[in-house]
Amino acid sequence: MTEEAAATRQERYRLAWREASGVEELTSRLPPFEHIWPVWAGSDYVAQTCLRNPRLLASLHGAGVLERALE
């Protein structure tokens, strides 16, 4: 993924987050955006899923799933 594409996804996610209802309590669970980029770069499916469901990213990060290495 190019830097431009990553920046575009980041901005789209920020907009999706602002438009989602009831996410205020999850804001502290969001990972830093520099941690999100490798996840989105590795999978268009994951990136699109996060854009469709902004809460998912906070839930995954809060559960420690994003930091866990896959075997």
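Novice: Account for the packing of helix α2 (residues 33–42) against helix α3 (residues 44–52), with residues named and values stated.
Specialist: A packed helix pair is summarised by two numbers, namely the angle formed by the two axes and the spacing between the axes. Where α2 meets α3, the axes come as close as 5 Å, and the angle between the chain directions of the two elements is 120 degrees. Relative to α3, the element α2 is oriented oblique. Contact with α2, carried on its side by Val39, Trp40 and Gly42, involves Asp44, Val46, Ala47 and Cys50 of α3 and no other residues of that element. Of the residues assigned to the contact of α2 with α3, the class counts are five nonpolar, one polar and one charged.

Novice: For the pattern of salt bridges, give the residues involved together with the corresponding values.
Specialist: One pass over the full model with this rule turns up one salt bridge. Where Arg18 meets Glu11, a salt bridge forms, and the shortest distance between an N and an O atom there is 4.0 Å. With relative accessibility at 58%, the residue Arg18 sits in the exposed group.

Novice: How would you explain helix α4 (residues 54–62) if you had to name every residue and give the values?
Specialist: Taken together, the buried positions of α4 are occupied by Pro54, Leu57 and Ala58. Down the axis, α4 shows its buried residues gathered within 95 degrees of arc, on one side only.

Novice: Summarise the environment of Gly62; cite the residues concerned and give the values.
Specialist: Within the fold, Gly62 resides in helix α4. With 34 residues separating them along the chain, Gly62 and Ser28 place their C-alpha atoms 9.0 Å apart.

Novice: Hey, could you go over the nonpolar core for me, with residue numbers and the actual values?
Specialist: Grouped together as the largest cluster of nonpolar side chains are 12 residues: Tyr13, Trp17, Ala20, Val23, Leu26, Ile36, Trp40, Ala47, Cys50, Leu51, Leu57 and Ala58. Mapped by element, the contributors of at least two residues to this core are α1 (3–19), α2, α3 and α4. When residues in this core are grouped by element, the largest group, three residues, is from α3. Contacts of Val23, omitting those with residues within four sequence positions, involve Trp17 and Arg55.

The rules we used
- Residues numbered from 1 in each chain as written.
- Predicted model: local features only at pLDDT ≥ 70, side-chain atom pairs only at ≥ 80, totals over all residues.
- Heavy atoms only, no water.
- Axes fitted to C-alpha atoms, helices over the stretch in contact; angles between N-to-C directions.
- Helix = DSSP H or I, 4+ residues; strand = E, 2+ residues; numbered from the N terminus.
- Parallel < 35°, antiparallel > 145°, perpendicular 65-115°, else oblique.
- Contact = heavy atoms within 4.5 Å.
- Nonpolar A, V, L, I, M, F, W, Y, C, P; charged D, E, K, R; others polar.
- Salt bridge = Lys/Arg side-chain N within 4 Å of Asp/Glu carboxyl O.
- Buried < 20%, exposed > 50% of the residue type's maximum accessible area, 1.4 Å probe, protein only.
- Arc of directions from axis to C-beta.
- Core = buried A, V, L, I, M, F, W, Y, C linked by side-chain atoms within 4.5 Å.

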